[in-house]
Amino acid sequence: MKPIQLISPVDGSVYAERTPLSRDAAFAAADRARAAQKDWAARPLADRIALVKAGVARLTAMKETIATELAHQMGRPIRYGQGEMGGVNARTDYMAEIAAETLAPHVIEDSDKFRRYLARAPLGVVFIVAPWNYPYLTTINTLAPALIAGNSVILKHASQTLLVGERLAQAFHEAGVPADVFQNVVLDHATTEALIAARAFGFVNFTGSVGGGQAIERAAAGTFTPLGLELGGKDPGYVRADANLDAAVDTLMDGAMFNSGQCCCGIERIYVHESLYDAFVEKSVAWVKALRLGSPLDPETTLGPMANKRFAKVVRDQIAEAVAQGAKPLIDPALFPADDGGAYLAPQVLVNVDHSMRVMMEESFGPVVGIMKVKDDAEALRLMNDSPYGLTASIWTQDYETAEKLGQQVETGTVFMNRADYLDPALCWTGCKDTGRGGSLSYLGFHSVTRPKSYHLKKV
Ligand code: NAP
């Protein structure tokens, strides 16, 4: 098999190289996972929870190494590199805390004559296909509940973050999770799809691009394998006339630029009430100019390179096209001398934009944001919904009731008021339209990795 190379965005060098499993070895891994799942599911829930938490603790102990590796693998500035571990712990703790209640049988009748109840059964082998942008968080969302609920797990991580799956496997195995209960594998696309098509899994969670999600759905066609598809976004921010301007600028710009804009729920388009528009734009430009683009290994850097120069090219093309169509770029790239025309990309704020431009309609997944002036809620609502995506929407106002009413009409997975680019483990992480289907985290996250099983027992 041809090796998979991880090209570091820091300097374009090969940072890691791994040979993907052959088809036979991949099917053998799935067989081992299936065999190991029975004993794992038979263990008491408290044991499984303890082992998963111990795995996360081991992983957290490696956070300094992880931060350096993330900088090399996908360009996250070293000063932010340990940040994912906070979310990994919070999400695991929450799912562990609600597991017993969520997975307990729902008893309908327990009398002299009958015991009738609804149980939740694990789905068998859960397959996680993970992206590179938040490589630990996107994995833990499924890994923790899947293992806690009694499934075995096979993880195929992104080629851009090959070492992440290895770190997770190392941590969980050192903590005592059996090797065949959680396996990290390196797979090419063809073998990934062949396994799904052969019904090797009880559930597949895919987090990534729309095109990737479509390929996974096609591979699963006719197998009835349940799929969770957490795909792209083009998340809007809407700043109403009564918003706290400084807080809105700070959170929305951070939401647009953090991780070089490579957040599924990053802010990609902003609609501002005409009364605040000029001030919002001026403050946003000042906010962005204060970013420091440079090597992610430099502790002063707040904006690293994009994970791959081909991702930066998509953003450069979108910006150039929009400018050719009349958009006005407010950031002079000369202010960011580290912009090398490749993975290192100066941030950009665009005005004079409209929805005929790709930069306002297609996912950019980079450090660019378009800002439009709106006259009222109705116009903002129409523009927020004029999108193929629906992951999150961020409304800025002091009017809680209006925000809630607007939220009911926004086609989105999550409505935020006065915050953005955030995941609450107690709420379901989900989307609509091209953002996909299914949900992770919250009690519903356990429903994704288990199935209902009915018991109707007549006592004689
Ligand atoms: P991607 O290219 O679709 O890859 C995601 C994962 O799927 C990788 O492991 C990739 O493997 C694999 N993959 C892609 N196409 C495949 C195929 N045809 N067959 C088998 N496996 C395939 O996405 P990405 O560039 O890593 O991630 C960025 C995207 O993820 C953005 O669109 C972002 O919005 C989305 N995302 C969504 C969420 C959410 O919660 N909704 C969260 C995070 C990211 P290789 O790396 O080996 O190609």
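Residues numbered from 1 in each chain as written. Predicted model: local features only at pLDDT ≥ 70, side-chain atom pairs only at ≥ 80, totals over all residues. Heavy atoms only, no water.

Enquirer: Describe the packing of aromatic side chains, listing the residues and the values that go with them.
Expert: Considering all chains together, one arrives at six aromatic pairs under this definition. With 4.2 Å between their ring centres and 10° between their planes, Phe 127 and Phe 201 make a pair best called stacked. Of this pair, Phe 127 sits in strand 5 (residues 125-129) while Phe 201 sits in the loop between helix 7 (189-197) and strand 8 (203-207), and the two are 74 residues apart along the sequence. Taking the relative accessible area as the measure of exposure, Phe 201 reaches 5% and is therefore buried. Taken together, a centroid distance of 5.0 Å and an interplanar angle of 15° make the contact between Trp 132 and Phe 311 stacked. Of the two residues, Trp 132 sits in the loop between strand 5 and helix 5 (135-148) while Phe 311 sits in helix 11 (residues 309-324), which places them 179 residues apart along the sequence. A connected cluster of aromatic rings, assembled from ring pairs, spans Trp 132, Phe 311 and Phe 365. Its guanidinium or amino end placed over the ring of Tyr 117, Arg 115 lies 4.6 Å from that ring's centre, counting from NZ or CZ. (Phe/Tyr/Trp six-rings, centres within 6.5 Å; stacked < 30°, edge-to-face > 60°. Helix = DSSP H or I, 4+ residues; strand = E, 2+ residues; numbered from the N terminus. Buried < 20%, exposed > 50% of the residue type's maximum accessible area, 1.4 Å probe, protein only. Lys NZ or Arg CZ within 6 Å of the ring centre and 35° of its normal.)

Enquirer: Requested: an account of helix 11, with residues and values cited.
Expert: For helix 11, built from 16 residues, the straight-helix expectation of 22 Å at 1.5 Å per residue is met to within 8% by its first-to-last C-alpha distance of 22 Å. Where helix 11 is concerned, the buried positions are Phe 311, Ala 312, Val 315, Gln 318, Ile 319 and Ala 322. Looking straight down helix 11, one finds that the buried residues subtend no more than 120° of arc, so they occupy a single side. Along helix 11, exposed side chains directed more than 90 degrees from the buried face belong to Lys 309, Arg 310 and Ala 324. As for helix 11, its buried residues are in contact with strand 13 (348-351), helix 12 (358-361) and strand 14 (368-374). With a side-chain oxygen lying 3.0 Å from the backbone nitrogen of Arg 310, the N-terminal cap of helix 11 falls on Asn 308. At the exit of helix 11 stands Gly 326, carrying a positive phi of roughly 120°. (Expected span 1.5 Å × (residues − 1). Arc of directions from axis to C-beta. Contact = heavy atoms within 4.5 Å. Polar contact = N/O pair within 3.5 Å; in protein donor to acceptor, adjacent residues only side chain to side chain.)

Enquirer: Got a sec to walk through the domain arrangement of the protein chain? Specific residues and values, please.
Expert: With domains assigned, the protein chain is organised as domain 1 (4-231 + 435-458) and domain 2 (235-428). The centre of domain 1, based on its C-alpha atoms, is set 30 Å off from the matching centre of domain 2. Contact with domain 1, which involves 28 residues of that partner, is made by 31 residues of domain 2. Both faces combined, the contact of domain 1 with domain 2 buries some 2500 Å², and carbon together with sulfur accounts for 63% of it. Sorting the residues of domain 1 by area buried against domain 2 places Trp 132, Tyr 134 and Thr 435 first, and these three jointly supply 22% of that buried surface. (Domains from an automatic or database assignment. Buried area = accessible area lost by both parts, 1.4 Å probe.)

Enquirer: Just give me the short version of the pairing of strand 2 (residues 14-18), but keep the residues and values in it.
Expert: Where strand 1 (residues 4-7) and strand 2 come together, four bridges link them in antiparallel fashion. Bridging across to strand 2, Ile 7 finds its partner in Val 14. Counting the residues that bridge the hairpin from strand 1 to strand 2 gives six residues, and of these Gly 12 lies at a positive phi of roughly 75°. (Pairing = 2+ DSSP bridges.)

Enquirer: Explain the site of the ligand to me, and be specific about the residues and the numbers.
Expert: Neighbouring the ligand are 29 residues; Ser 159, His 189, Ser 209, Leu 231 and Glu 363 lie closest to it. Residue Gly 208 places a main-chain N or O atom 3.3 Å away from an oxygen atom belonging to the ligand. At 2.7 Å from a nitrogen atom of the ligand is found a main-chain nitrogen or oxygen belonging to Leu 231. Its free accessible area being 900 Å², the ligand has 89% of it covered by the protein chains. Going through the elements one at a time, helix 7, strand 8 and helix 8 (210-220) are the ones with two or more residues in the shell around the ligand. A breakdown of the residues in the shell around the ligand according to their chemical character gives 13 nonpolar, twelve polar and four charged. (Near = heavy atom within 4 Å. Areas by Shrake-Rupley, 256 points an atom, 1.4 Å probe, with all protein chains shown as cover. Nonpolar A, V, L, I, M, F, W, Y, C, P; charged D, E, K, R; others polar.)

Enquirer: Explain the pairing of strand 4 (residues 114-122) to me, using residue names and the numbers behind them.
Expert: Bridge count between strand 3 (residues 106-110) and strand 4: four bridges; the pairing is antiparallel. From the neighbouring strand, His 106 faces strand 4, where its bridge partner is Leu 118. As consecutive antiparallel partners, strand 3 and strand 4 are separated by three residues. Inspection of the sheet shows strand 4 paired to strand 22 (residues 450-458) by nine bridges, in the antiparallel sense. Residue pairing for strand 22: Arg 116 is matched across the bridge by His 456.

Enquirer: Could you give an account of the sheet that holds strand 13, with specific residues and numbers?
Expert: The strands making up a sheet associate through hydrogen bonds between their backbones, and the pairing can be parallel or antiparallel. The strand order 12-13-14-11-10-16-17 describes an open sheet built from seven strands, whose pairing is mixed. Of all strands in the sheet, those with a lone pairing partner are strand 12 (328-329) and strand 17 (414-417), marking the two edges. The sheet contact formed by strand 13 and strand 14 spans three bridges and is parallel. By the bridge assignment for strand 14, Leu 350 is matched with Gly 370.

Enquirer: Help me get a handle on the state of the cysteines, residues and values and all.
Expert: One way to say it: the disulfide is the covalent bond shared by the sulfur atoms of two cysteines. Taken as a whole, this structure holds zero disulfides when the rule is applied. This cysteine, Cys 264, is not joined by any disulfide, and Cys 265 carries the nearest cysteine sulfur, 4.4 Å off. Looking at Cys 428, it has no disulfide partner, and the nearest cysteine sulfur is the one in Cys 432, 12 Å off. (Disulfide = S-S within 2.5 Å.)

Enquirer: Break down the pattern of salt bridges for me, with residues and values.
Expert: Scanning the entire structure with this criterion turns up 20 salt bridges. For Asp 339, the salt bridge is made with Arg 316, and the minimal N-O distance between the two is 3.0 Å. Placement of the pair is Asp 339 in the loop between strand 12 and strand 13 and Arg 316 in helix 11, with a sequence separation of 23 residues. The exposure class assigned to Arg 316 is partly exposed, which follows from its relative accessible area of 22%. A salt bridge links Lys 433 to Glu 411; the shortest N-O distance between them is 2.7 Å. In this pair, Lys 433 sits in strand 19 (residues 432-433) while Glu 411 sits in the loop between helix 14 (400-409) and strand 17, placing the two residues 22 residues apart along the sequence. (Salt bridge = Lys/Arg side-chain N within 4 Å of Asp/Glu carboxyl O.)

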